Protein chains: 2
Amino acid sequence: MNIYDSVIIGGGPAGLSAGIYVARTGLQAILLEKSILGGQAITTDTIENYPGFPEPVSGFEVISLMEKQVRRHNLPIEQKGVKSVEYQKESDSYTLTLLNGEILSARTLIIATGACPIKLDVPGEKKFAGRGVSYCATCDGPLFREKEIMVVGGGNSALEETMFLSRFAKKVTIIHRRDALRGDKILQERVFQNPKIDFLWNSIVKEIKGNTQVREIIIYNKKEDSTSVHKADGLFVYIGTKPNTDWLNNMVQADKQGFLITDEKLSTSLPGLFAAGDCRQKALRQIVTAASDGALAGMMVYHYLQEKKFDNSHLGS
Amino acid sequence: MNIYDSVIIGGGPAGLSAGIYVARTGLQAILLEKSILGGQAITTDTIENYPGFPEPVSGFEVISLMEKQVRRHNLPIEQKGVKSVEYQKESDSYTLTLLNGEILSARTLIIATGACPIKLDVPGEKKFAGRGVSYCATCDGPLFREKEIMVVGGGNSALEETMFLSRFAKKVTIIHRRDALRGDKILQERVFQNPKIDFLWNSIVKEIKGNTQVREIIIYNKKEDSTSVHKADGLFVYIGTKPNTDWLNNMVQADKQGFLITDEKLSTSLPGLFAAGDCRQKALRQIVTAASDGALAGMMVYHYLQEKKFDNSHLGS
């Protein structure tokens, strides 16, 4: 059976960038993506902060360009999902079982399976995603200058992003299902002190309505058992982010949310297994930080194999 | 005197990306670049590995796009050099003295002054830079498939990059001024074992010749006191890299070569002073890794000031 030098799992910005860099080293590699390429980026209507694109550009366009660049470097991209991975200690390699039953072998893996914001799962959420419904204030906040926004959540992320949104928005209303916030005291003080920020307690979103953009949020108050309609130009959802790492079955060290723990060279707790992009524990999740991780993981795979070649005779010369 | 929330020093990919991200937070900031924008990237003729640009693109073009993006976000860019920096402990701020005598104050700094490959300083080097003369195998190696290349140097970087180049080139000749290599034993073994790699000992480059591209290298052998002419399509120079950090006068913790030491959030040993891009100690120096650093530093400046606002009353509300 053919053994790949590297298998890249995930076709978002991290995986595609890893593909470019790995391909350029001349290693024999493949990129696997279980659904469509692009990860979270592809769902983004307007990207203004990926360096090198001065005019607003869609996630679809940026991803198409990256895909073209991977193909130009002759790295095969296949639409296949990975079911499970096993580390073979004797051969210092990985065996992948794909969803279609196929078995692959690889000396190294780059895990770039991304993360997903946890969804509200209410009518209108999917329809208005990127059209007023957002999961990233860093990305979309500046699009809401002088607008009225609602934020769902009560934890640290929700409060931090609410503060950030208040720099642009005319008014930000936090919708929280309890009667008290969960986030750190210092963050709570900040949002309470901020005159632009308002609260809807004991409340949950029932539906998101609009025409081409979000216009109204239907909110149910659990305590009063009443439903009300609120005008809003945007709804930011911060009820959690989940890394797409369940399929690894805890074989790699991760934090309690499941984000993979790496060192600064993107090595994980298993030899030859690197993590790149949103699926790893990191300070900022953006297209450019994911692309940077991919580049680094690609080069680290190359250096790792260079070392191995002289340490382990089984890899041949 | 006006106090900036942040001053970004350096206008390469790291500084420009920091500019985009800082501007989007709404902080009052400015970007200073002492000469032309672009850093090392602007001297690069052909970039194939910056994700999102599938067709080969010049450094000039990528930098022009990033500059346009910074200006679109209304961040002022000024062509001014910084002579010295002082940290004012009482006010927890920085005072910058510019080369033109101007004085600026800032709550935070992003140092993005880059690094420079040490040059050979021989005739033809400048003329053929980007036309066969290169300082980055990761960037330019794949352009030299089946070509004959020479590498100057004998340390770890020279040997690692020679190994990398040997994946593409027909032949790679290491030109070294001594009669033995300096790099690690394991790297030495690798280059000696590699049939594509040849050596010119006790030798120094005297001149680089060509037409539109490098064609010939004039080499002087110190031991034999003789000069010879060698055909080559490319010359890679690896005699060291110097971070542009001398002007900081050791006020920030750095390694012995002068690269600034940061944590994973790009904080340095001084509060509110962040480092981004090639000037910091890091595993891979590429446009995309610099741009990623800039984005992260920009967001960390924002979070740092958010914290401060509630810890130090002098910053106002």
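Refer to the structure above for everything that follows.
The following refers to the structure shown. None of the values given here were measured: they were computed from a predicted structure.

1. As for the overall build of chain A
- Along chain A, the regular secondary structure elements total six helices and 17 strands.
- In summary, chain A has a C-alpha radius of gyration of 22 Å against a globular reference of 20 Å for 317 residues, a match within 12%.
- Projected onto the principal axes, the alpha-carbon positions of chain A cover approximately 70 × 40 × 35 Å.
- For chain A, with 317 residues in total, the buried portion stands at 57%.
- The contacts of chain A with a sequence gap of at least 6 include a subset with a gap of at least 24, amounting to 59%.
- Accessible surface for chain A amounts to roughly 13700 Å². Of this, 47% is attributable to carbon and sulfur atoms.
- Separation of charge centres in chain A, based on 38 positive and 36 negative side chains, amounts to 2 Å.

2. Digging into the interface of chain A and chain B
- The interface is formed by 51 residues belonging to chain A together with 51 residues belonging to chain B.
- For the pair chain A and chain B, the summed buried area comes to about 4800 Å², and 56% of that belongs to carbon and sulfur atoms.
- Applying the counting criterion to the chain A and chain B interface returns 10 salt bridges.
- Notably, a salt bridge pairs Glu307 of chain A with Arg190 of chain B, separated by 3.6 Å at the nearest N-O pair.

3. Things to note about the state of the cysteines
Residue and element names in this part refer to chain A.
- Per the counting criterion, the structure on display carries two disulfides over all chains.
- Sulfur-sulfur distance for the disulfide between Cys136 and Cys139 comes to 2.1 Å. The S-S bond linking Cys136 to Cys139 shows a torsion near 70°; that makes this disulfide right-handed.
- Cysteine Cys279 shares no disulfide, and the gap to the nearest cysteine sulfur, in Cys116, comes to 12 Å.

4. Quick word on the relation of the copies chain A and chain B
- Mapping chain A onto chain B calls for a rotation angle of 180° and an axial translation of 0.0 Å; the resulting RMSD is 0.0 Å. Taken together, the rotation and translation relating the two chain copies correspond to the operation of a two-fold axis. Within chain A, the C-alpha atom positioned nearest to the axis of rotation is that of Ser292 of chain A, 3.0 Å from it.
- Both copies share a contact surface, since 100% of the interface residues of chain A are interface residues in chain B too.

5. Examining helix H1 (residues 13-25) of chain A
Residues and elements named next belong to chain A.
- Compared with an ideal rise of 1.5 Å per residue, which puts 13 residues at 18 Å, H1 spans 19 Å between its outermost C-alpha atoms and is within 8% of the ideal.
- In terms of residue burial, H1 counts as a mostly covered element, since 13 of its 13 residues are buried.
- Looking one or two residues beyond H1, the residue adopting positive phi is Gly26, at roughly 85°.

6. A few points about the environment of Lys242 of chain B
Residue and element names in this part refer to chain B.
- Summarising the element assignment, Lys242 is placed in strand S16 (residues 241-243).
- Of the residues examined, Lys242 reaches a relative accessible area of 36% and is grouped as partly exposed.
- On a C-alpha basis, the gap between Lys242 and Phe168 in space is 27 Å, while along the polypeptide they are 74 residues apart.
- Once you skip the residues sitting within four places of it in the chain, Lys242 turns out to touch Ala115, Cys116 and Ile118.
- Of note is the side chain of Lys242, whose polar atom sits 3.1 Å from the side chain of Asp246.

7. Looking at the packing of aromatic side chains
- Within this structure, the stated rule accounts for 20 aromatic pairs over all chains.
- Between Phe192 of chain A and Phe199 of chain A, the aromatic rings sit 5.0 Å apart at their centres with planes inclined by 45°, giving tilted as the arrangement.
- Seen in terms of ring centroids, Tyr50 of chain B and Phe53 of chain B are 5.8 Å apart; in terms of plane orientation they differ by 35°. Their pairing is tilted. A single burial state applies to Tyr50 of chain B and to Phe53 of chain B, both of which are buried.
- Following the ring pairs from residue to residue traces out a cluster consisting of Tyr50 and Phe53 of chain A together with Tyr50 and Phe53 of chain B.
- In this arrangement the basic side chain of Lys206 of chain B is found over the ring face of Tyr220 of chain B, its NZ or CZ atom lying 5.7 Å from the centre.

8. Considerations on the sheet that holds strand S11 (residues 197-200) of chain B
Residues and elements named next belong to chain B.
- The parallel open sheet is built from five strands, whose spatial order is S8-S15-S9-S10-S11. Every interior strand has two partners, whereas the edge strands, strand S8 (133-134) and S11, have only one.
- In this sheet, strand S10 (residues 171-175) lies alongside strand S9 (residues 148-152) in parallel orientation, the contact comprising five bridges. Along S10, the bridge assignment pairs Glu148 with Lys171.

9. With respect to the side chain of Thr95 of chain B
Residue and element names in this part refer to chain B.
- Residue position: Thr95 is located in strand S5 (residues 93-98).
- Classification of Thr95 as buried rests on a relative accessible area of 17%.
- There is a polar contact of 2.7 Å between the side chain of Thr95 and the side chain of Gln88.
- What Thr95 contacts, discounting residues up to four positions off in sequence, is Ser84, Val85, Glu86, Gln88, Ile103, Leu104 and Ser105.

10. Points about the side chain of Gln306 of chain B
- Of note, Gln306 of chain B is situated in helix H6 (residues 287-311).
- Gln306 of chain B gets classed as buried once you look at its relative accessible area, which sits at 8%.
- Once residues lying within four places of it in the same chain are set aside, the contact partners of Gln306 of chain B are Met163, Arg167 and Arg190 of chain A.

11. Some words on the packing of helix H4 (residues 156-165) of chain A against helix H5 (residues 185-193) of chain A
Residues and elements named next belong to chain A.
- It is at 10 Å that the axes of H4 and H5 come closest, and there the two elements cross at 40°. Considering how the two elements wind past one another, H4 and H5 form a crossing that is left-handed. Note on element contacts: H5 touches H4 through Leu187, Gln188, Arg190 and Val191, opposite Asn156, Leu159, Glu160 and Met163.
- Its residues assigned to classes, the contact of H4 with H5 shows four nonpolar, two polar and two charged.

12. Thoughts on the pattern of salt bridges
- For the coordinates displayed, the defined rule picks out 30 salt bridges over all chains.
- Its salt-bridge partner being Glu102 of chain B, residue Lys80 of chain B comes within 2.9 Å of it at the nearest N-O pair. Here Lys80 of chain B is found in the loop between strand S3 (77-78) and strand S4 (82-88), whereas its partner Glu102 of chain B is found in the loop between S5 and strand S6 (103-111), with 22 residues between them in sequence.
- Residue classification places Glu102 of chain B among the partly exposed residues on the basis of a relative accessible area of 30%.
- The network of salt bridges with shared partners includes Arg24, Lys68 and Arg72 of chain A together with Glu48 and Glu55 of chain B.

The rules behind each value
- Residues numbered from 1 in each chain as written.
- Chains lettered and ligands numbered in written order.
- Predicted model: local features only at pLDDT ≥ 70, side-chain atom pairs only at ≥ 80, totals over all residues.
- Heavy atoms only, no water.
- Helix = DSSP H or I, 4+ residues; strand = E, 2+ residues; numbered from the N terminus.
- Rg over C-alpha atoms; globule rule 2.2 N^0.38 Å.
- Buried < 20%, exposed > 50% of the residue type's maximum accessible area, 1.4 Å probe, protein only.
- Contact = heavy atoms within 4.5 Å.
- Areas by Shrake-Rupley, 256 points an atom, 1.4 Å probe, with all protein chains shown as cover.
- Lys, Arg positive; Asp, Glu negative; His and termini not counted.
- Charge placed at Lys NZ, Arg CZ, Asp CG, Glu CD.
- Buried area = accessible area lost by both parts, 1.4 Å probe.
- Salt bridge = Lys/Arg side-chain N within 4 Å of Asp/Glu carboxyl O.
- Disulfide = S-S within 2.5 Å.
- Least-squares fit on C-alpha atoms with pLDDT ≥ 70 in both.
- Expected span 1.5 Å × (residues − 1).
- Polar contact = N/O pair within 3.5 Å; in protein donor to acceptor, adjacent residues only side chain to side chain.
- Phe/Tyr/Trp six-rings, centres within 6.5 Å; stacked < 30°, edge-to-face > 60°.
- Lys NZ or Arg CZ within 6 Å of the ring centre and 35° of its normal.
- Pairing = 2+ DSSP bridges.
- Axes fitted to C-alpha atoms, helices over the stretch in contact; angles between N-to-C directions.
- Left-handed = near helix turned anticlockwise from the far one by under 90°.
- Nonpolar A, V, L, I, M, F, W, Y, C, P; charged D, E, K, R; others polar.

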